[in-house]
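Notes for the structure review
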Amino acid sequence: NGDPTPVPRVAVVVFLLKGRSVLLGRRRSSVGNATFALPGGHLEFGESFEECAAREVKEETGLVIGSSKFLTVTNNVMLEQPKKCHYVTIFMRAMVGVDAVEEQVPQNLEPTKCDGWEWYEWDHLPHPLFGPLEKMVKGGFDPFSP
Ligand code: 8DG
Ligand code: MG
Ligand code: MG
């Protein structure tokens, strides 16, 4: 396509945990369309991972997270997508109802990018999951473990 030379980008995504559930939304995107993914987006110039996590969660779901912690990072080369891309993805974890306002309800603030946010039990995840997330789940990654 007519894009300039592609480069890897940095994404920050958030495992929002509530009990044994995690918040997922079905994507509307040229990358991972119709797959279930975490809230998150691109790291902006000058941001910390924590700032990016809080901003993206707020922009996409309206939820306010008090703080978040770094979990892991993965390298995601997605050349089979309609839009080829390469992301270094930072995974953060945050709780809702613990260090933030209790029982906040997620809103779908970007309906052109997402079908809506729902809590899913970790042991009964929906599918298909977005590739980078699928890879972690298959590898046995557990966002609940300390
Ligand atoms: P922005 O303009 O708000 O910064 O970007 P966005 O529209 O929110 O970007 P995004 O596609 O939601 O996230 C950026 C990239 O992060 C995405 O294209 C690929 C990577 N990514 C993963 N795993 C996940 C995930 O579980 N959820 C989200 N949202 N992005 C993910 O590698
Ligand atoms: Mg975003
Ligand atoms: Mg996003």
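Predicted model only: the values in this text are computed from it and were never measured. (Residues numbered from 1 in each chain as written. Chains lettered and ligands numbered in written order. Predicted model: local features only at pLDDT ≥ 70, side-chain atom pairs only at ≥ 80, totals over all residues. Heavy atoms only, no water.)

Turning to the nonpolar core, a few remarks are in order. Across soluble globular proteins, you tend to see nonpolar side chains buried next to one another. Formed by 15 residues in total, the largest nonpolar core has its most connected members in Val 14 and Leu 16. Among the elements of the structure, β1 (9-18), α1 (49-61), β6 (85-95) and β7 (114-121) are those that each provide at least two residues to this core. Once residues within four sequence positions are removed from consideration, Leu 16 is found in contact with Ser 21, Val 22, Leu 23, Pro 39, Val 57, Leu 63, Ile 65, Ala 94, Val 96 and Trp 119. Ranked by size, the runner-up nonpolar core spans 14 residues in total, among them Val 13, Leu 24, Phe 91 and Leu 129. (Core = buried A, V, L, I, M, F, W, Y, C linked by side-chain atoms within 4.5 Å. Buried < 20%, exposed > 50% of the residue type's maximum accessible area, 1.4 Å probe, protein only. Helix = DSSP H or I, 4+ residues; strand = E, 2+ residues; numbered from the N terminus. Contact = heavy atoms within 4.5 Å.)

Another point: helix α2 (residues 131-138). What α2 keeps buried is the set Pro 132, Leu 133 and Met 136. Along the axis of α2, the buried residues cluster in a sector spanning 95°; they form a single face. Tucked inside the fold, the buried residues of α2 contact β1, β2 (21-27), β3 (36-37), β5 (69-78) and β6. Gly 140, located one to two residues past α2, shows a positive phi value of around 85°. (Arc of directions from axis to C-beta.)

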